[in-house]
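For reference, the chains in residue letters:
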Amino acid sequence: MSVARQAEERSGAAHRPPLRWFLTEPARGAMTFASLPFAVPLLSRAPRGDGHGVLLLPGLLADDVSNQALRSYLATLGYTTRGWGLGRNTGPTDEVLDGMPLRLRELAAGTGGPVSLIGWSLGGIYARELARDHPDLVRQVITLGSPFALVDPRQSRAEYAFRRRSRRHAGSDRVPSRDQLGQPIPVPSTAIYSKADGIVHWRTCMQTPAADRENIEVMCAHLGFGVDPATLWAIADRLAQPADTWRPFQPRGWARAFYPVAR
């Protein structure tokens, strides 16, 4: 290995998402969305929900529309779903940091119990921090391509878009450090990631497995998490677990074909 390559790896640049995945993100996301109707017969076999609340948090520069397909699917399974209602996600502004706990409390009060949080990309980082601050209100957290374990800004191709809006963000006293973001949270958590992610490096989206922590690999683009059939099935499986009886994901039968680790 050359000296330049060794320096690159030490700097973290070697872990930038591959350019081929980045350039094909829109097309691959669109293909995943187009395939969703064909997966409906299988997705309809997912276990039904118990009616508990599910709060969905969008990724950077996205809003509640991005989660509409996922929300609709979970509603058909019997969950009480809500978007965050805070408009476009431009980063951790004071409005966002003040508004998310209010949405969480409202949904928990309206459904009579702890809420499951699902966050896509940056939304997953928000979800983890909400659970850290309000563990009594959170049943579990599911993240979709969320780089909570990022250690170098070059591991994310969204870093420039994030920094461009940093003047609107809350002060450093309200925003956790990268080291803090990577620490385990006090509720069961599932991190869904894809090695074909062109926006963030897949290793930044993983956590150390434990009795109440797991990682699930799927095969979609970063822009496809919210409509990827394998992701939707895994989410439905995780949400359907009875409260206080969380167990790791174990796809069975035909479902194993859609999860690389299970195969």
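Details of the structure are given in the entry above.
Residues numbered from 1 in each chain as written. Predicted model: local features only at pLDDT ≥ 70, side-chain atom pairs only at ≥ 80, totals over all residues. Heavy atoms only, no water.

Notes on the sheet that holds strand β3 (residues 115-120)
Taking strand neighbours across the sheet as the criterion, the six strands line up as β2-β1-β3-β4-β5-β6 in an open arrangement whose pairing is parallel. With partners counted over all chains shown, the strands left at the sheet margins are β2 (80-83) and β6 (213-218), one partner each. Neighbour-to-neighbour, the strand axes of this sheet turn through a mean angle of 20°, independent of strand direction. Strand direction decides the pairing type here: strand β1 (residues 53-57) and β3, joined by four bridges, are parallel. Bridging from a neighbouring strand, Leu-56 pairs with Ile-118 of β3. Contacts between helix α4 (residues 68-76) and the sheet are confined to β1, β2, β3 and β4 (138-144), with β2 contributing the most and set at about 165° to the helix. Helix-sheet contacts for helix α5 (residues 94-111) involve β1, β2, β3 and β4, and the interaxial angle to β1 is about 160°. (Pairing = 2+ DSSP bridges. Helix = DSSP H or I, 4+ residues; strand = E, 2+ residues; numbered from the N terminus. Axes fitted to C-alpha atoms, helices over the stretch in contact; angles between N-to-C directions. Contact = heavy atoms within 4.5 Å.)

Here's the deal with the nonpolar core
Across soluble globular proteins, you tend to see nonpolar side chains buried next to one another. Ranked by size, the top nonpolar core spans 32 residues in total, and within it Leu-74, Ile-118, Leu-144, Ile-192, Ile-235 and Tyr-259 carry the most contacts. Sorting the residues of this core by element identifies α3 (25-43), β1, α4, β3, β4, β6 and α9 (229-239) as the ones contributing at least two each. Among the elements that make up this core, the one with the highest residue count is α9 (seven residues). Discounting chain neighbours no more than four positions away, the residues touching Tyr-259 are Ile-216, Glu-217, Val-218, Ala-230, Trp-233, Ala-234, Phe-249 and Pro-251. (Core = buried A, V, L, I, M, F, W, Y, C linked by side-chain atoms within 4.5 Å. Buried < 20%, exposed > 50% of the residue type's maximum accessible area, 1.4 Å probe, protein only.)

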